[in-house]
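Breakdown of the fold
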Amino acid sequence: MSTYRAVEVAADGSLRLAERPLVEPAPGHVRVKVEACGVCHTDAFTVHPRPESEPARVPGHEIAGRIDALGEGVTGWNIGDRAGIGFLGGHDGVCNPCRRGDFAGCENQPVTGVSVDGGYAEYAYARESGLVRLPEQLSAVAAAPLLCAGFTTYNALLKAGVRGGSLVAVQGIGGLGHLGVQYARRMGAQVVAIARGTDKEPLARQLGAHHFLDSTAGDLGDRLKELGGADVILATAASGSSMTPLIPGLARGGTLMVVGASEEPIEVSPVALLYGTIRVTGLITGSAIENEDNLRFAVDQSVAAMIEQAPLADAAAAYDRMMSGKARFRVVLTMT
Ligand SMILES: [Zn+2]
Ligand SMILES: [Zn+2]
């Protein structure tokens, strides 16, 4: 039996290289020969010590490659097609959210690299409904981070109702924020980048920000209000408490759109909700076809992630580099 290399989480939480048997895809699934896989902060959901009784999981949900085997019943794809796989691994089409057309809300959806094996590997398996067509203009390496980080910020801005001329503040110029600034600018917004200190100001302006606010210098709410109040704040920091001071900076009817994951609460006063009619919401990526919209938009509007590449065998170091916050800005594993 032939095997392939995969990087899996050992019981002690470390990442180790392993050989896995190459098997045929299950009905309704495809096998993808992985060309590139992004390393995302959400991989921390998987990379931690786990009981010996659980299978050693392969992380990674920013997968770009080519289909090399079709399971029974797959009709929409052919061997050789380029395909991406993101965080949400494909809807079932039969649960109540699916029946209402909310495919991202599917109650029986695999979470790539979390509940099923992901893309830190030479091969990955995925449900047909989770597959994302890759535009030919995008290389696998360029596409990988757009499948989760890019898509998250793109869809968050759209779902928050960004229009041409909206004032959009992007909190955090990191893995998500450096993409959020680009998407917001290309959607026609006036963009305010917010980061700690002033080191990232030149980069933020180069990416498309009209304004830059240092979060350590004065009240963020007041300064956003001086700019007219934000119609949308895209909050990317993995810290709920850092989002609370942004809320007074929303315009009437404005939306705090959360994409940075943390357990920390965000505080909002009922008065701000009543008189400001503001919204506080969030989202996790979206459906596969929305991701195709995202990739097309990124190609047409020249939105690109800043990338550091590493070979699969160096996945553990690449993961540590991402977690250190020092990567500029997305780390992508390559398989060949
Ligand atoms: Zn991700
Ligand atoms: Zn469903």
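Just above sits the structure.
Residues numbered from 1 in each chain as written. Chains lettered and ligands numbered in written order. Predicted model: local features only at pLDDT ≥ 70, side-chain atom pairs only at ≥ 80, totals over all residues. Heavy atoms only, no water.

In this structure, strand E3 (residues 29-39) lies alongside strand E4 (residues 63-70), joined through seven bridges in antiparallel fashion. Residue Val32 lies in a different strand from E4, and its bridge partner there is Ile67. As paired strands, E4 and strand E5 (residues 82-85) are joined by four bridges and run antiparallel to one another. Along E5, the bridge assignment pairs Ala64 with Gly84. (Pairing = 2+ DSSP bridges. Helix = DSSP H or I, 4+ residues; strand = E, 2+ residues; numbered from the N terminus.)

On to the layout of surface pockets, then. As a volume, the largest pocket reaches approximately 1200 Å³. Along its surface, the largest pocket is lined by 45 residues, and His41, Leu176, Thr236, Ala237 and Ala238 are the ones closest to its centre. Of all the secondary structure elements, the ones that give two or more residues to the lining of the largest pocket are helix H2 (140-159), strand E9 (190-195) and helix H8 (315-323). Residues belonging to the lining of the largest pocket are distributed by class as follows: 22 nonpolar, 17 polar and six charged. For the lining of the largest pocket, the two domains that each supply at least three residues are domain 1 (3-134 + 306-334) and domain 2 (150-282). If you add up the space inside the second largest pocket, you get close to 240 Å³. Contributing to the lining of the second largest pocket are 20 residues, with Val116, Asp117, Ala124, Tyr125 and Ala126 lying nearest its centre. (1 Å grid on protein atoms, 1.4 Å probe; cavity = no way out; pocket = protein on both sides within 12 Å on 5 of 7 lines; lining within 4 Å. Points joined across faces, edges and corners; volume = space filled by probe spheres on them. Nonpolar A, V, L, I, M, F, W, Y, C, P; charged D, E, K, R; others polar. Domains from an automatic or database assignment.)

Surrounding the zinc ion (ligand 1) are the protein donor atoms Cys40 (SG), His61 (NE2) and Cys148 (SG), which sit 2.0 to 2.2 Å from the metal. Each donor residue of the zinc ion (ligand 1) lies on one chain, and together they are spaced C-x20-H-x86-C. Residue His61 is found in the loop between E3 and E4, and its partner Cys148 is found in helix H2; the two are separated by 87 residues along the sequence. A single burial state applies to His61 and to Cys148, both of which are buried. (Donors = N, O, S within 2.8 Å, 3.2 Å for Na, K, Ca; no water. Buried < 20%, exposed > 50% of the residue type's maximum accessible area, 1.4 Å probe, protein only.)

It is worth stressing that arrangement in space is one thing and function is another; only the former is reported here.
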